[in-house]
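Understanding the architecture of this molecule
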Amino acid sequence: MATSAQAVQVNFVTGATGNAINVFKEIFKDWEASTGNTVNIVPMPSSTTDQFAQYRLWLAAQNPDIDVYMVDVIWAPQLADNFVDLSEAAKDLAPTHFPSIIESQTVDGKLVALPIFTDAPALYYRKDLLEKHGVEVPKTWDELTAAAQKIQDAERAEGANDLWGYVWQGAAYEGLTCNALEWVKSNGGGQIIQPDGTISIYNDSAEKALDQAKGWVGTISPPGVLSYMEEEARGVWQTGNAVFMRNWPYAYALGNSADSPVKGLFDVAPLPSGGGDTTSAATLGGWNAAVSKFSPHQDEAISLAMFMASPEFQKKHALMAANLPTIISLYDDPEIAEKQPIIPRWKEIFLNAVPRPSAPTKVAYNEVSSKFWTAVHETLSGNGTAAENLELLEVDLDDLKGAGW
């Protein structure tokens, strides 16, 4: 333990969402007690757009006042040049985490952030309606399409005129990148841009995936799905007006809240695959700890980041806030399973997690994502075919890559 003369204050910046800061303060007491150092939490607005903008300003100015940044899974690669390489410090700890999460935070062979907690979407389904109509949980997108249509038609014939088969996030924003990456990857169409930087989006499998999703709009999905974000999809689902929904883990607890019309009526499963030898794909979300190169207390900052990526921290975080661990073994922890039963349900989903191409594209990721979701939204809206829009997208991405990313 450090003596009071040696003790330092580590400044940790994070968004102030829900009770997150109070939970961090409580768990940090363990690290403070073992090291003699203290953590000062610098709160940020909960808007991730605002957070990212502020982080860029601070890092561009080489601000020494922030030691550890809490970063979104897609930010670390864009800000990588400002962060300490944690590969050596975490060489024993990193292999205990989901490989896809470590991959997402590795840029040019350097591990620039350590996982704190994670996020990946699942397929929510109405157990009661599937059972009533003798339908199995769909494992492929074709099965989902057929099941959603069958149950929607049968329920509407019985008077449930507001029921839709499938709701998801179709607005032109980052959430559509997540949905469409899942469609493409699970059909064998790659990751838009591969980890080695190869632009891979213009292919037959990707076209097929987008054409299928276009076919949902106005049939099993409401026409308005093209303006849905997470909360709009959840609104339809939680009022009992959807058979299936694609959404993140946060919707699970809300769907089972005391006043929810669907409480106890639903379950979750991995998102479907394209069939054949393809596998399910769930876009990786989550938050990580990065150490600033401009910190005057790098050793202490690395120690704090390592603590947040440790089994001790992640177990407490899971028990206190239902945040999903990134350490694989915690999904088999009996205490977590008893107190937060949602968490073990997500293990299979994370094993199929796919990172967005932020590592290979670095600072250009936001532009890459914007171009991708625009091409997808145009296709879903009937403005050009999937083939036409993906061909144009590949040309745009080639230009971006040529300018250097």
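Placed above this text is the structure.
Here we summarise the structure given alongside this text. This structure is a prediction, so every number in the text was calculated from the model and none was measured. (Residues numbered from 1 in each chain as written. Predicted model: local features only at pLDDT ≥ 70, side-chain atom pairs only at ≥ 80, totals over all residues. Heavy atoms only, no water.)

Right, let's talk about the sheet that holds strand 8 (residues 164-167) for a bit. Two modes of strand pairing occur in sheets, parallel and antiparallel, and in both the strands are linked by backbone hydrogen bonds. On the basis of which strands lie adjacent, the open sheet formed by four strands has the order 8-9-7-10 and mixed pairing. Each end of this open sheet is capped by a strand with a single partner; those strands are strand 8 and strand 10 (266-269). Between one strand axis and the next, the sheet turns by 15° as a mean value, whatever way the strands run. Where strand 7 (residues 122-126) and strand 9 (residues 242-247) come together, four bridges link them in antiparallel fashion. Residue Y124 lies in a different strand from strand 9, and its bridge partner there is M245. Its contacts with the sheet place helix 5 (residues 141-157) against strand 7, strand 8 and strand 9, and it is angled at close to 140° to strand 8. (Pairing = 2+ DSSP bridges. Helix = DSSP H or I, 4+ residues; strand = E, 2+ residues; numbered from the N terminus. Axes fitted to C-alpha atoms, helices over the stretch in contact; angles between N-to-C directions. Contact = heavy atoms within 4.5 Å.)

Glancing now at the packing of aromatic side chains. Inspection of the entire model under this criterion finds 24 aromatic pairs. For the ring pair F24 and F313, a centre distance of 6.1 Å and an interplane angle of 20° mean the geometry is stacked. Residue F24 is located in helix 1 (residues 20-35), and its partner F313 is located in helix 11 (residues 311-321); the two are separated by 289 residues in the primary sequence. The class of F313 is buried, set by a relative accessible area of 0%. With a centroid separation of 5.5 Å and an interplanar angle of 40°, the aromatic rings of W141 and W216 are classed as tilted. Of this pair, W141 sits in helix 5 while W216 sits in helix 7 (residues 204-216); the two residues are 75 residues apart in sequence, bridging distant segments of the chain. When its relative accessible area of 2% is taken as the criterion, W216 is described as buried. Members of the aromatic cluster, joined through ring pairs, are F52, Y55, Y69, W75, F83 and W287. Geometry around W164 places R156 over its ring, the cationic atom sitting 4.4 Å from the centre. (Phe/Tyr/Trp six-rings, centres within 6.5 Å; stacked < 30°, edge-to-face > 60°. Buried < 20%, exposed > 50% of the residue type's maximum accessible area, 1.4 Å probe, protein only. Lys NZ or Arg CZ within 6 Å of the ring centre and 35° of its normal.)

Along the chain, T283 falls in strand 11 (residues 282-283). Of the residues examined, T283 reaches a relative accessible area of 0% and is grouped as buried. For T283, the side chain forms a polar contact with the main-chain oxygen of C178, separated by 2.8 Å. When near neighbours in sequence (up to four residues on either side) are disregarded, T283 contacts D119, A120, P121, C178, L181, E182, R246, W248, V354 and R356. (Polar contact = N/O pair within 3.5 Å; in protein donor to acceptor, adjacent residues only side chain to side chain.)

Quick reminder: α-helices carry 3.6 residues per turn. Residues three or four places apart thus point the same way. Taking 1.5 Å as the rise per residue, helix 1 with 16 residues should run 22 Å; its terminal C-alpha atoms sit 23 Å apart, in good agreement. Where helix 1 bends most, at F28, the angle is about 30°. Along helix 1, the residues classified as buried are I21, V23, F24, I27, F28, W31 and T35. Elements in contact with the buried residues of helix 1: strand 1 (9-15), strand 2 (38-44), strand 3 (68-72), strand 6 (114-119), helix 10 (298-308) and helix 11. Note on helix 1: the residue one or two positions beyond its end, G36, has a positive phi of about 85°. (Expected span 1.5 Å × (residues − 1). Bend = angle between axes of the 7 residues up to and from the residue.)

A few words now on a negative patch on the surface. A contiguous patch of negative charge on the surface is contributed by E367, D396, D398 and D399. With three residues, helix 17 (residues 386-402) is the largest single contributor of residues to the negative patch. Here D399 shows up in helix 17. (Patch = residues over 30% accessible without salt bridge, like charges linked within 9 Å, V, L, I, M, F, W, Y side chains within 5 Å. Areas by Shrake-Rupley, 256 points an atom, 1.4 Å probe, with all protein chains shown as cover. Salt bridge = Lys/Arg side-chain N within 4 Å of Asp/Glu carboxyl O. Lys, Arg positive; Asp, Glu negative; His and termini not counted. Charge placed at Lys NZ, Arg CZ, Asp CG, Glu CD.)

Let us now look at the pattern of salt bridges. Applying the stated criterion to the full structure yields 15 salt bridges. Between K362 and D108 there is a salt bridge, with the nearest N and O atoms lying 3.4 Å from each other. Within this pair, whereas K362 is found in the loop between helix 15 (358-361) and helix 16 (365-380), its partner D108 is found in the loop between strand 4 (106-107) and strand 5 (110-111), the two being separated by 254 residues in sequence. Between E335 and K315 there is a salt bridge, with the nearest N and O atoms lying 3.1 Å from each other. Of this pair, E335 sits in helix 12 (residues 334-339) while K315 sits in helix 11; the two residues are 20 residues apart in sequence, bridging distant segments of the chain. Taking the relative accessible area as the measure of exposure, E335 reaches 29% and is therefore partly exposed. Judged by relative accessible area, K315 falls into the partly exposed class, the value being 24%. One network of salt bridges, in which partners are shared, links K315, D333, E335 and K339.

Inspection of the secondary structure puts S280 in the loop between strand 10 and strand 11. Residue S280 is classed as buried on the basis of its relative accessible area, which comes to 13%. One polar contact links the side chain of S280 to the main-chain carbonyl oxygen of L271, over a distance of 2.7 Å. If near-sequence neighbours (up to four positions away) are discounted, S280 is found in contact with S186, P270, L271, P272, S273 and N352.

Below, the discussion takes up the environment of G170. Along the chain, G170 turns up in the loop between strand 8 and helix 6 (174-186). Residue classification places G170 among the buried residues on the basis of a relative accessible area of 0%. In this structure, the C-alpha to C-alpha distance between G170 and P223, residues 53 residues apart in sequence, is 9.9 Å. Ignoring anything within four residues of it in the chain, the contact list for G170 reads L176, V225, L226, S227, Y228 and H377.

Here we take up the packing of helix 6 against helix 16. Between helix 6 and helix 16, whose axes approach to 9 Å, the crossing angle comes to 70°. By the angle class used here, helix 6 and helix 16 are roughly perpendicular. Between helix 6, through E174, L176, T177, A180, L181 and W183, and helix 16, the contact on the second element is made entirely by Y365, S369, F372, W373, V376, H377 and L380. Tallied by class, the residues present in the contact of helix 6 with helix 16 amount to nine nonpolar, three polar and one charged. (Parallel < 35°, antiparallel > 145°, perpendicular 65-115°, else oblique. Nonpolar A, V, L, I, M, F, W, Y, C, P; charged D, E, K, R; others polar.)

These figures capture arrangement, not role.
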